[in-house]
Every structure is written in structure tokens, then in C-alpha cells.
Amino acid sequence: MNAPPPDTLLDVRDLRVTYGRRRGGFRAVDGVSLSVAPEETLGLVGESGSGKTTVARCVAGLIRPDAGTVAFEGRPLGPAGRRPAELQRAVQMVFQDPRSSLNPRMTVAAVIGEAWRTHPSAAPDGDRTEALHRLLDDVGLDPSTARRRAGDLSGGQCQRVSIARALAVSPRLLVCDEAVSALDVSVQAQILRLLDDLRRERKLALLFISHDLGVVHQIADRVAVMRRGELVEQGAAADVMGAPRHEYTRALLDAALDLDDGTPRDKDTPA
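Residues numbered from 1 in each chain as written. Predicted model: local features only at pLDDT ≥ 70, side-chain atom pairs only at ≥ 80, totals over all residues. Heavy atoms only, no water.

1. With respect to the packing of helix H5 (residues 155-167) against helix H6 (residues 185-202)
Each pair of packed helices can be described by the angle between their axes along with the distance between the axes.
Phase 1: Two elements in contact, H5 and H6, have axes whose closest approach is 11 Å; the angle formed by their N-to-C orientations is 15°. Classified by the angle their axes make, H5 and H6 are roughly parallel. Seen along the crossing, H5 lies across H6 with a hand that is right-handed. Seen from H5, the contacting residues are Gly156, Arg160, Ile163 and Leu167; seen from H6, they are Val187, Gln190, Ile191, Leu194, Leu195, Leu198 and Arg202.
Phase 2: Broken down by class, the residue content of the contact of H5 with H6 amounts to seven nonpolar, two polar and two charged. (Axes fitted to C-alpha atoms, helices over the stretch in contact; angles between N-to-C directions. Helix = DSSP H or I, 4+ residues; strand = E, 2+ residues; numbered from the N terminus. Parallel < 35°, antiparallel > 145°, perpendicular 65-115°, else oblique. Left-handed = near helix turned anticlockwise from the far one by under 90°. Contact = heavy atoms within 4.5 Å. Nonpolar A, V, L, I, M, F, W, Y, C, P; charged D, E, K, R; others polar.)

The following block contains the structure:
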């Protein structure tokens, strides 16, 4: 097996995951290999059931693969609960449903405070209220949001809080699993712009999971396409979008009604 490029941040090799092995088994991921470089966004795309979310959960440590390796800067990434603290902080996940990923009874301040208690080495020195307000401002929320309960927020606001919770521990890789699919089109565009801005400002890498090539087109540097547990195509976003080699990729492109939804990019209405 060839060594990963020297600038690789995340390296996934020959990943295999089978569900329901006692009943014959379903191979959800079958020999997937991919990598993400520092400060890069890799879009992992495929229809429902293609295995892309399983890959994301293996990277986040929520699922243990049957075979293959997941490494971060050459260090193995095991299950989330067994990772060294610095690797737990380094890889953070933003989930599909922003409402169900937050405790609706907790205030936003409590949500962020919980992340700092879990990772005390990432907690700010000095006035945590000031640090919290800066963090909320970074994700486009008014500081007064800190006092509100998650259950009282809109879907877009909940997803911004989820992103803030991930950023609170200073990650280097965000795994975004269908992070905009539960939002309406205008809010999707805002969250995509936010993620891209944060990537540049904080020097983050993103593994961005989506079923929609039109969404991936707006944010990804490279694209990997999954079908039935296997990678069928990967390459620079412009190449995959402009001249797809695999018929499945062409079908996904045909299904995307518009690669640019036309949402104005100089406005950010409340979400």
C-alpha cells in the first residue's frame, strides 16, 4: 500500500463496514480510500444508502470499521471514546439535523460550556462570557443568543450553534454530515458561506458529506463520489463537475437542478 502524500491531514485506507452480519450482512462501505489535505474541503457525495454517512461516522469515531484504517497526520484514529484528548478535539462533527443534535432545554451558553468542560485544555482563559460572545459572533449569531434555549431557535440558528460547539474546542477537521440538507435553500447558502469563511479564517479542513452535487459544487475543492459502498470517482471539483467520467456521477449532475441556486451572496438574512 502506497504511503499518503506528506501534506495529508486525514487518510482513510481500504475502509470496510458491514451491518447485520448475523443475518447475512450488508456491506455499507467496501474498500473506500480517500484523503483530506490541511485547509482543504473534500466533498463526499452519493445518494441515500451509498455509504457516505458511514464513512463520516468512522472518521468521527462513532462507528468501528470491520477493516481498513483511519489516520490523522499519520496517527491512528480509533473509537471516539478511546482517542487521545488532542485527537478528540482535532476531529469534530456537525450533524444533519440541527435540532436533534442539541438538547432543547439547554441554553446556548450551556451547550458551549459543556464542550469546554469536556475538553478543559481548549477552554478559554479569563472571561468565558467574552469568549462565548466572540464565538457566537464568529458564526453569525447575536451574543444575546447565549441566554436562549436551543429549543426556541430556528433550524438555521441551531446549526450555527452546532458549528460554534464544534469550533469551541479548536478542531482542525470538521466532518459535516448533510449539514445543510434539513435547511431551506436560502439558509443553506448562508451556512455554506459561513463554513467556507470559517475554513479560511481558522485554517480548517472539511469533510463535507452531501447527496447533492449542486451543494458540493459551492464549497468543495475536491469531490469523491460514492455508490453502493464504493468510490466510483474522485478528483478536483472542476474536473468532476465539468467532465465526469462515471455514468453515476453524470446521473447525479443531471439530478441537480442548478449548480448555483442564485441566492444573493452579499446578504445574510437572519437564520
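Here the narrative resumes, following the displayed structure.
2. A few points about the pattern of salt bridges
Phase 1: On inspection of all chains with the given rule, the structure shows 13 salt bridges.
Phase 2: Here Glu178 and Lys52 are joined by a salt bridge, their closest N and O atoms 3.8 Å apart. Taken together, the residues span a long stretch of sequence, with Glu178 in the loop between strand S7 (173-177) and H6 and Lys52 in helix H1 (residues 52-60) at a distance of 126 residues.
Phase 3: On the basis of relative accessibility, which here comes to 5%, the residue Lys52 falls in the buried class.
Phase 4: Close ionic contact of Arg75 with Glu86 constitutes a salt bridge, the shortest N to O distance being 3.1 Å. Here the residue Arg75 occupies a position in strand S5 (residues 75-76), and Glu86 occupies one in helix H2 (residues 85-90), the gap between them amounting to eleven residues.
Phase 5: By relative accessible area, Arg75 is classed as partly exposed at 37%.
Phase 6: Salt bridges here are not isolated pairs; linked through shared partners, they connect Asp14, Arg16, Arg27 and Asp30. (Salt bridge = Lys/Arg side-chain N within 4 Å of Asp/Glu carboxyl O. Buried < 20%, exposed > 50% of the residue type's maximum accessible area, 1.4 Å probe, protein only.)

3. Digging into the environment of Asp30
Phase 1: Considering the arrangement of structural elements, one finds Asp30 in strand S2 (residues 26-36).
Phase 2: In this structure the C-alpha to C-alpha distance between Asp30 and Asp66, which are 36 residues apart in sequence, comes to 10.0 Å.
Phase 3: Discounting residues that sit within four places of it in the chain, Asp30 has contacts with Leu15, Arg16, Gly229 and Glu230.
Phase 4: In this structure the side chain of Asp30 is engaged in a polar contact, spanning 3.4 Å, whose partner is the side chain of Arg16.
Phase 5: Within the structure, the side chain of Asp30 is placed 3.2 Å from the side chain of Arg27, a separation counted as a polar contact. (Polar contact = N/O pair within 3.5 Å; in protein donor to acceptor, adjacent residues only side chain to side chain.)

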